[in-house]
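The primary structure of each chain is shown beneath.
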Amino acid sequence: MRDDRTFYITTPIYYVNGLPHIGHAYTTIAADVASRYMRLKGHRVRFLTGTDEHGQKVMEKATARGMSPKEHCDDMVVHWKAMWEKLDIRYDHFIRTTDPSHMSAVQSVLTRLWDEGLIYKAEYTGWYSVREEIFVTDKDVESGAWDKADLQQITESNYFFRMGSYQRQLIDAIEARPDFIQPSSRRNEVLGFLRKDLDDLCISRPKARMSWGIELPFDPDFVTYVWFDALLNYLTGVGYPDGDWETWWPASYHLVGKDILTTHSVYWSTMLMALGLPLAGTLYAHGWWKSADGEKMSKSLGNTIDVGLLADEFGVDATRFFFLREIGFGADGTFSYQGFMTRYNADLANDLGNMVHRGLSMTSNWLGGVVPPRTGAGPDEAALDALATQTLQAFDEAMGGLQFHKALEALWELVKAGNKYIDTQAPWALNKAGDTQRLTTVLRAVLEIAYLAATLLQPFMPSKAAELLEKLGRTEDQAVARCCEAVEAGAVTLNALPEGGAITVGEALFPRFREMPERVAALFATEEAVVKAPKVKEPKKKKTPKAPAPPAEISYEDFAKVALKVGEVKAAERHPSADRLLVLQVDIGEEKPRQIVAGIAAKFAPQALIGRRVVVVANLAPAQLRGVESQGMLLAAGGAEVIDLVGVDAPVGEPVR
Ligand code: ME8
């Protein structure tokens, strides 16, 4: 049975319409590090990842490759698994949605919900491309991937899950548990989304148009639709409904990118409610890795970074370390090769590598290459002991909340203190002066810091940690036992190495990069070109002039100069550098949605605006608002503080007079 020492963590199951890139690697490395740490602490751990193989996108890709969908999936899965092996990902189970056990479990869920009247048949209306004979999601239309002129709205029968009937229950559940959706800003977005009426969820496609799915047990002419199939993997992957799934459910963490938070927090949670099962522990929505030009990296934009290349050139462990150290888990980050190399050289080659190398080589040169006794520890060593305990506590607390960068930051405080300690104690002077007692005490303390670092770094950098442990004459098992003990006690003293144990200096753990590795150099040059490209010049900051008070009277001609149009908000996100502003994509019936920057962030969560009808000033000259172009303006009520947006119930693109 599940208890508080059970830890079940999942990644999204990834689409096999492309190869893994750094975005996928990021989530998967995070889940791997979290699960390795929990294993280290002696918890019973289950780490699930896998592939999402049904649906339109995969079918299209297979067709383009002249393969059957299953052949294509079998081929792709080999690449995904190979990448996880390369990155030292130690999952417990890899689920594929084409696994027969998953497919039959999905069918049994469908049967149950159908029997209970929670699934019904109705007509569905959506965007359809006649030329390509496919349905296009609103998301694809919003992203500009499809031109509305090529699409038409069609209606067909489909099956629906009564998701809407769980709206109140879901809001209550989210409000009752602040830790359910993390980070908390994302929780507010979901609650904002739930202020609008929640629709039922279309879960099927007629086989005649899209056969690559799981057949509905109550209607063989239909297959189930991507999310309904995919989300259930979190249960079927631990043996639902006939296996020992109760050992694991509810999951401790579902890690997802912020792009799929709604599907997890709303679709998945309501599905669980319908099944009468507890919701997951925490849905953790992390941020996006963006390319140097600020775009989200994605398969469809083709701007991804080859994570295999990074691992080949800088090392697997340095790659794992970089992603979790560079940004907070939840924030967006911009990837650059320059940033990668700078981080590598500073943290790994300089701080950690240097401390380790100095400690080992001085011990080897002056103390016969064995761990010296800790005699004569004084106030400086007591201060290091105190810092080590503080580090351990901060590390453990941060890891418990998946704050990987904070955990590493805490550890680096200790590593930096170790380097500073070497500088101030100057063991070379102690050696020269023949002060063996101080010399042994000092070098022992340095080796102990290296040992603690290796112990805590095991989840992040398994191979490098093992290499360092070997240099210190310790095994991984010994380090694990030490870690368990220390975490349990909540304290650590720097005297865990057995006196007299042999150490070895060997090769540098992290050789310094003086220039970009050859295979990365060309990519780096392209990145530099992007970064150095002349930016659109922003006018010098001057105080925004106050808009003059409107005159008492204007002519009709003056009023007629303003083109007002009905628009619909298709996408909304926070401005990258101004808290007050939101960046909206608003469809006003033109070829592409308009990007409008609006000072309404204090009033509206971005998600809450999606689908809202608004009135847009369509012929306002474009302006840069804190570096983001705004191509129009929304009409809103209120003065400095917006009270509400002006909305109308009229078709998109209609003029407002
Ligand atoms: O959405 N930055 O699969 P997917 C950070 N099959 N993370 C990123 C990223 C980026 N630029 N790009 C991708 C699907 N990711 C569904 C999931 S789950 C039941 C079904 C990561 O292949 C991130 O975790 O499009 C994101 O949520 C996921 O890959 C999307 O993977």
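Below is a short write-up of the structure. Small disclaimer: the values here were computed from a predicted structure and weren't measured.

## Notes on helix α10 (residues 261-274)
Part 1: If you check α10, its first and last C-alpha atoms are 19 Å apart, about what 14 residues at 1.5 Å a residue would give, namely 20 Å.
Part 2: Of all 14 residues in α10, 12 are buried, a share of seventy percent or more.
Part 3: Of all the positions in α10, only L261, T263, H264, S265, V266, W268, S269, T270, M271, L272, M273 and A274 are classed as buried.

## A look at the site of the ligand
Part 1: In the vicinity of the ligand there are 25 residues, among which I13, T27, D52, W289 and M297 approach most closely.
Part 2: Within the backbone of W289, an N or O atom sits 2.8 Å from a nitrogen atom of the ligand.
Part 3: M297 is positioned with one of its backbone polar atoms (N or O) 2.9 Å from a nitrogen atom of the ligand.
Part 4: Top contributing element to the shell around the ligand by residue count: strand β1 (residues 6-15), with 4 residues.
Part 5: Considered class by class, the residues forming the shell around the ligand number 12 nonpolar, 9 polar and 4 charged.

## Focus on unusual backbone geometry
Most peptide bonds are trans, and most residues other than glycine sit at a negative phi.
Part 1: Omega for the peptide link from Q182 to P183 comes to -10°, which places this bond in the cis form.
Part 2: With a phi close to 60°, D88 is a non-glycine residue in the positive phi region.
Part 3: Examined against the element boundaries, D88 turns out to sit in the loop between α3 (69-86) and β3 (93-96).

## Digging into the sheet that holds strand β11 (residues 219-224)
Part 1: Strand order in this open sheet of 3 strands is β9-β11-β10, and the pairing throughout is antiparallel. Taken across any chain shown, the strands that pair with only one partner, and hence form the sheet edges, are β9 (204-206) and β10 (214-216). Neighbour-to-neighbour, the strand axes of this sheet turn through a mean angle of 50°, independent of strand direction.
Part 2: The pairing of β10 with β11 spans 3 bridges and is antiparallel. Note that in β11 the partner of I214 across the bridge is T224.
Part 3: Where helix α4 (residues 100-115) meets the sheet, it contacts β10 and β11, and its direction lies at approximately 25° from that of β10.

Rules of the game
Residues numbered from 1 in each chain as written. Predicted model: local features only at pLDDT ≥ 70, side-chain atom pairs only at ≥ 80, totals over all residues. Heavy atoms only, no water. Helix = DSSP H or I, 4+ residues; strand = E, 2+ residues; numbered from the N terminus. Expected span 1.5 Å × (residues − 1). Buried < 20%, exposed > 50% of the residue type's maximum accessible area, 1.4 Å probe, protein only. Near = heavy atom within 4 Å. Polar contact = N/O pair within 3.5 Å; in protein donor to acceptor, adjacent residues only side chain to side chain. Nonpolar A, V, L, I, M, F, W, Y, C, P; charged D, E, K, R; others polar. Pairing = 2+ DSSP bridges. Axes fitted to C-alpha atoms, helices over the stretch in contact; angles between N-to-C directions. Contact = heavy atoms within 4.5 Å.

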